[in-house]
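Now for the letters of each chain:
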Number of protein chains: 4
Amino acid sequence: MKSIKVIIAGPRGRMGREAVMLAANTEHFELAAVVDYKFDGKQINEIQGFQLPIEVPVFGNLESCLQHIKADVLIDLTTPEVGMHHTKTALQYNVRPVVGTTGFSKNDLEELERICTEKEIGCIIAPNFAIGAVLMMKFSQMAAKYFQDIEIIELHHDQKLDAPSGTAVKTAEMIAEVREAKKQGHQNEKETITGARGADFDGMHIHSVRLPGLVAHQQVLFGSDGQTLTIRHDSYNRASFMSGVKVAVETVMNLKTFVYGLENILE
Amino acid sequence: MKSIKVIIAGPRGRMGREAVMLAANTEHFELAAVVDYKFDGKQINEIQGFQLPIEVPVFGNLESCLQHIKADVLIDLTTPEVGMHHTKTALQYNVRPVVGTTGFSKNDLEELERICTEKEIGCIIAPNFAIGAVLMMKFSQMAAKYFQDIEIIELHHDQKLDAPSGTAVKTAEMIAEVREAKKQGHQNEKETITGARGADFDGMHIHSVRLPGLVAHQQVLFGSDGQTLTIRHDSYNRASFMSGVKVAVETVMNLKTFVYGLENILE
Amino acid sequence: MKSIKVIIAGPRGRMGREAVMLAANTEHFELAAVVDYKFDGKQINEIQGFQLPIEVPVFGNLESCLQHIKADVLIDLTTPEVGMHHTKTALQYNVRPVVGTTGFSKNDLEELERICTEKEIGCIIAPNFAIGAVLMMKFSQMAAKYFQDIEIIELHHDQKLDAPSGTAVKTAEMIAEVREAKKQGHQNEKETITGARGADFDGMHIHSVRLPGLVAHQQVLFGSDGQTLTIRHDSYNRASFMSGVKVAVETVMNLKTFVYGLENILE
Amino acid sequence: MKSIKVIIAGPRGRMGREAVMLAANTEHFELAAVVDYKFDGKQINEIQGFQLPIEVPVFGNLESCLQHIKADVLIDLTTPEVGMHHTKTALQYNVRPVVGTTGFSKNDLEELERICTEKEIGCIIAPNFAIGAVLMMKFSQMAAKYFQDIEIIELHHDQKLDAPSGTAVKTAEMIAEVREAKKQGHQNEKETITGARGADFDGMHIHSVRLPGLVAHQQVLFGSDGQTLTIRHDSYNRASFMSGVKVAVETVMNLKTFVYGLENILE
């Protein structure tokens, strides 16, 4: 397989650091350059925490990087503020974007889709790169066609502020697309302590567990006569995102369209 | 081992039927008689659903049974209305009661304790005979000394009316006896959908899952830095109560006091 | 929706009894007749254990049944010996077969496929009608494209003779179709007690747990950097098969081809 | 509460580093000194990786440390080679040892027990400081009195060499102390693929799962008629050991005897 030449924007963030390691350690990937406004003109090993066996140039902005470096894919792990600009710039240079930043508006997505269609070039934007989590959501949506009764339990460390988690809500939304709303449980069911039956989302119930020690976990339970089906994802650390980035980089090379959401490239 | 002679009151109920099978099939148990007001003077096999290889006399009330039959233990699986009367009557005849009915008042329990102490005779009253469930509660109380952060998830079939389940509340009560009240989770934690964080019991959280297919399940989760401990009980059918009845019958023979709760005879 | 007229062959078996209840209790199903060689000429309520509110004729063999009764679907839950004959006979009468018996040879399946294609009529043969189990296998095959490291744990009651279970082997086979064989675990891994690492199937590991109390359960675990994905099916009783039979009956009405395996009609 | 003055031997190891953080961050603990042969005469912050807000002296050996520093407890996290020497030396200076090193012989343990009894001073040696794991083993031993059928599933990352894990074997040993040996499963049970039923330990079965992504997990399953009980421990990182060290330091202050194994100080 020919090497895929990769540029990484945002190498100092947590995911950025993992992505640099991924690009450096994957046989058919080649880390061509990184973009970091604080280290323009340096080599990557001058950024604290990196000790690669190779020299990789750092550019202060994406435009100058693309003018000097020929690449196949831009992995963008920056911020919502620059994500849209980076994505469009890459497409302009016929470099395929794989983007992990969030915050794209509906208009942004439509514009990107139009550009990709015109230029017949691939682009993947994914709010969640953890393949296991994405498969959990995809399978849950599929199972919901056959099981109308569904409860979601998500479990996180006790420093998490919001309940339910974003992934739990996203899962429920994906299920709601294919499931008729249904009030679950006995019709005369009664909470003797408020909140026992969890959050109600379109008739489904979501339960948020918070405990020190936990990292990020979710299970989706489906019940029908005499059986239950459970789909569970456990995320132990940020390395879990990298297999998804790898699949996205490999897939975007063969795409001629715009794709939003990793679930749409997993078969 | 010498056989333990057993009388069973309430043989037609679900637990009663299981208890009859237990007494008939356990090598060192001997089913001496059953008490059932509807079948006075009959043999047990005349009651619908029984086909024992032996003949066991049925008495219409406990007094006449005890006047005619010498026994070691009365297993009472009747109703709250007659439970107290049966227990006292058995003690009067020096027959040790093993009682699964609920509804005893504080006064009742004190009176029974006094009688047992005076007569130096054993008596066990247990609201829950499922040894696994009782151990789950006992272990949870023990673990709570070392883990202050605790969440309970109980899962039942969707025909259950109350949430949380009685066992979940009992578990939380037993934990609260040994744990200082503590508000769990992040202090600025926020529910974006009401109920997500479950029921609050003394700072612990209880989550009630209801799905067709499920039977009766509970797990208690304990978290601290870098680790979690989980204790789970799954009850699949009513046979689960019988091992507890068996242990209670064997134990009551060696007791000279009154015991309330199976957890107090499990070491 | 127009009612689907159903004939059931094998009404006295465990699955047959459940299927009769299903056909009688589903609004758009109509139980037109049953086939049972022991009760030719009777009504269904003359067979022990049935108390339907309707009269349903019993035929001693399928041919005479099909000559007298107009039906849409034959649900065949008999034995391998008569399964093939019943399936062909039904097709001859343009009645669509939904077949739960096993033991079809490769030749049998090819012959049935040819007949269905010629007559442009649907037929479904499914060795496993538990939708949850079939989805577990299907999802496992899908996940195996992204997770090369896989272990299967199946858990059954301790009266089961064979280990691993048929479902575990079928799951491993379906995964092996899409996964390159890979020896898992550390290359210098060592069993200090023989068997600890379970059964080896194409590099995957299968573990068989047997305990009293358990019914039929399986979980498939997938691991990669920093994450695991788990798919679990719990079967508590035979009612779990009926949702699959229902989906098959509904689907076969719109099919013009032969389908082997429920997984191929679940989208 | 008066502060407990602590000396830590072996501060550079993984557990040693965590213990230094524990002693520095626990309100009623005071880190009096550390022992590290490589950094004699330095301050702790001169050892790579430490940035404490306080200055803590480093001694090249325990004797000189104890001659200069008055302390209550020695936390020894060194190696089997020096563990015994350190423990005896501390006792000689009336400093209570809390020891995490392994490799003590039966003679060593007897000698230490004799010294502690004579001097009426506490000493705790614990091969495993993860309270959750120790409770899992303790509860398993207790449950085994009521459930004769037991299977252990331990799950670890795929770089682990030995199967089963040391904790799984220790758990089985503790269970075997109270359980009569029993061949589990159906008496005619048959493995169609070798190893499916796992490792046999006194009739119990142990299954070792190895997957990338996993850290260190174990569940012990107990089954009897109609019910199962499951006790599970998940260890996500080394911080999990520290709550056990903390409990041991607090407990050893009130002990006048020698204790081997954390399970013997957890009530």
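Treat the numbers as computed from the prediction; the structure is a model and nothing was measured. (Residues numbered from 1 in each chain as written. Chains lettered and ligands numbered in written order. Predicted model: local features only at pLDDT ≥ 70, side-chain atom pairs only at ≥ 80, totals over all residues. Heavy atoms only, no water.)

Participant: Looking at this structure, I do not really get the relation of the copies chain C and chain D. What am I missing?
Facilitator: Mapping between the two chain copies consists of a rotation about an axis together with a translation along that axis. With an axial shift of 0.0 Å and an RMSD of 0.1 Å, the rotation relating chain C to chain D amounts to 180°. The operation mapping one copy onto its partner corresponds to a two-fold rotation axis. Distance from the rotation axis, computed per C-alpha, reaches its smallest value in chain C at C:G195: 2.1 Å. By residue overlap, the copies meet face to face through one surface: 100% of the interface positions of chain C are interface positions in chain D. (Least-squares fit on C-alpha atoms with pLDDT ≥ 70 in both. Contact = heavy atoms within 4.5 Å.)

Participant: Even after reading the chapter, I still don't get helix 4 (residues 106-119) of chain B, so can you show me in this structure?
Facilitator: Residue and element names in this part refer to chain B. Counted at 1.5 Å a residue, the expected span for helix 4 with its 14 residues is 20 Å, and the 20 Å between its end C-alpha atoms agrees. Buried residues of helix 4: D108, L109, L112, I115 and C116, and no others. Angularly, the buried residues of helix 4 cover 125° about the axis, an arc narrow enough to put them on a single face. Residues of helix 4 that are exposed and point over 90 degrees away from its buried face: K106, N107 and E118. Contacts made by the buried residues of helix 4 are with helix 3 (80-92), strand 6 (123-125) and strand 14 (258-260). E120 lies just past helix 4 and shows a positive phi near 50°. (Helix = DSSP H or I, 4+ residues; strand = E, 2+ residues; numbered from the N terminus. Expected span 1.5 Å × (residues − 1). Buried < 20%, exposed > 50% of the residue type's maximum accessible area, 1.4 Å probe, protein only. Arc of directions from axis to C-beta.)

Participant: Is there a simple way to think about the sheet that holds strand 11 (residues 204-210) of chain A in this case?
Facilitator: Within a sheet, neighbouring strands are paired by backbone hydrogen bonds and run either parallel or antiparallel to one another. Pairing in this open sheet of ten strands is mixed, and the strands run 10(A)-11(A)-7(A)-12(A)-13(A)-13(C)-12(C)-7(C)-11(C)-10(C) from one edge to the other. With one partner strand each, in any of the chains shown, strand 10 (199-201) of chain A together with strand 10 (199-201) of chain C form the two edges of the open sheet. On average, each strand axis in the sheet is tilted by 20° relative to the strand beside it, whichever way the strands run. Two elements, strand 10 of chain C and strand 11 (residues 204-210) of chain C, share three bridges in a ladder whose sense is antiparallel. Residue pairing across strands places C:D200 opposite C:H205, the latter belonging to strand 11 of chain C. (Pairing = 2+ DSSP bridges. Axes fitted to C-alpha atoms, helices over the stretch in contact; angles between N-to-C directions.)

Participant: Any chance you could explain the domain arrangement of chain A here in plain terms?
Facilitator: Residue and element names in this part refer to chain A. Here the domain parsing of chain A yields domain 1 (4-125 + 239-264) and domain 2 (131-235). Between the C-alpha centres of domain 1 and domain 2 the distance comes to 33 Å. Taken together, the six residues of domain 1 in the interface contact six residues of domain 2. A combined buried area of about 520 Å² lies between domain 1 and domain 2, and 63% of that area is made up of carbon and sulfur atoms. It is S240, L262 and E263 in domain 1 that bury the most area against domain 2; as a group they hold 79% of the surface buried on that side. (Domains from an automatic or database assignment. Buried area = accessible area lost by both parts, 1.4 Å probe.)

Participant: I'm lost on the nonpolar core in this one. Help?
Facilitator: Across soluble globular proteins, you tend to see nonpolar side chains buried next to one another. Judged by nonpolar contacts, the single largest core of 132 residues is most densely connected at B:I44, B:F139, D:I44 and D:F139. Apart from residues lying up to four places away in sequence, D:F139 is in contact with B:F139, B:M142, B:A143, B:L229, B:I231 and D:I231. Counting 130 residues, the second largest nonpolar core, distinct from the first, contains A:Y146, A:V247, C:I44 and C:F201. (Core = buried A, V, L, I, M, F, W, Y, C linked by side-chain atoms within 4.5 Å.)

Participant: For this particular structure, what's the right way to read the pairing of strand 2 (residues 29-35) of chain D?
Facilitator: Along a regular strand, successive side chains alternate from one face of the sheet to the other. Residue and element names in this part refer to chain D. Among the seven residues in strand 2, six count as buried, and that is most of the element. Handedness of the crossover joining strand 1 (residues 4-9) and strand 2 through helix 1 (residues 14-25) is recorded here as right-handed. Pairing between strand 2 and strand 3 (residues 58-59): two bridges, direction parallel. In the strand pairing of strand 3, V35 is matched with F59. (Right-handed = clockwise from strand over helix to strand, strands pointing away.)

Participant: What am I meant to see in the UniProt feature "active site" (unreviewed entry) in chain A here?
Facilitator: In this structure's numbering, the residues bearing the UniProt feature "active site" (unreviewed entry) are A:H156 and A:K160. Within the secondary structure, A:H156 sits in strand 7 (residues 149-156). Setting aside chain neighbours within four positions, we find A:H156 in contact with A:S165, A:V209, A:R210, A:L211, A:L214, A:V215, A:A216 and A:H217. At 2.7 Å, the side chain of A:H156 forms a polar contact with the side chain of A:E154. Here A:K160 is to be found in the loop between strand 7 and strand 8 (162-163). Using a relative accessible area of 22% as the deciding quantity, one classes A:K160 as partly exposed. Once you skip the residues sitting within four places of it in the chain, A:K160 turns out to touch A:S165, A:R210 and B:H186. (UniProt positions renumbered as here; feature names shortened; annotations may be inferred. Polar contact = N/O pair within 3.5 Å; in protein donor to acceptor, adjacent residues only side chain to side chain.)

Participant: I keep staring at the interface of chain A and chain B and nothing clicks. Help me out?
Facilitator: The extent of an interface is frequently quoted as the accessible surface area lost upon association of the parts. Facing the 46 residues of chain A at the interface are 46 residues of chain B. Here chain A and chain B share zero salt bridges between them. If you look at where chain A meets chain B, you find 18 residue pairs in polar contact (both at pLDDT 80 or more). For the side of chain A that touches chain B, the elements supplying multiple residues, two or more each, are strand 7, strand 8, strand 9 (190-191), strand 10, strand 11, strand 12 (216-224) and strand 13 (227-235) of chain A. Here the side of chain A that touches chain B is built from residues that sort into 17 nonpolar, 17 polar and twelve charged. Of the strand pairs in this sheet, strand 8 of chain A and strand 9 (residues 190-191) of chain B are connected by two bridges, and their pairing is parallel. Among the inter-strand pairings, A:D162 is bridged to a residue of strand 9 of chain B, identified as B:K190. (Salt bridge = Lys/Arg side-chain N within 4 Å of Asp/Glu carboxyl O. Nonpolar A, V, L, I, M, F, W, Y, C, P; charged D, E, K, R; others polar.)

Participant: Can you help me understand the interface of chain C and chain D in this one?
Facilitator: Each partner contributes residues to the interface: chain C has 46 residues there, and chain D has 46 residues. Carbon and sulfur atoms supply 65% of the area that chain C and chain D bury against each other, a total of about 3400 Å² over both sides. On the chain C side of the interface with chain D, the three residues burying the most area are C:L161, C:I193 and C:L211, jointly 16% of the side's total. Our count for the chain C to chain D interface comes out at zero salt bridges. The tally of links between chain C and chain D comes to 18 residue pairs in polar contact (both at pLDDT 80 or more). Elements supplying a minimum of two residues to the side of chain C that touches chain D: strand 7 (149-156), strand 8 (162-163), strand 9 (190-191), strand 10, strand 11, strand 12 (216-224) and strand 13 (227-235) of chain C. Within the side of chain C that touches chain D, the residues separate by chemical class into 17 nonpolar, 17 polar and twelve charged.

Participant: It is not clear to me how the pairing of strand 4 (residues 73-76) of chain B should be interpreted in this structure. Could you clarify?
Facilitator: All names here are of chain B. In strand 4, alternate side chains face the same way, and those of V73 and I75 on one face and L74 and D76 on the other are all buried. Summarising the sheet, strand 1 (residues 4-9) and strand 4 pair through four bridges and their orientation is parallel. Bridge pairing in strand 4 links A9 to D76. Where strand 4 and strand 5 (residues 96-99) come together, four bridges link them in parallel fashion. From the neighbouring strand, D76 faces strand 5, where its bridge partner is V99. A crossover connection joins strand 4 to the parallel strand 5 through helix 3; in handedness this β-α-β unit is right-handed.

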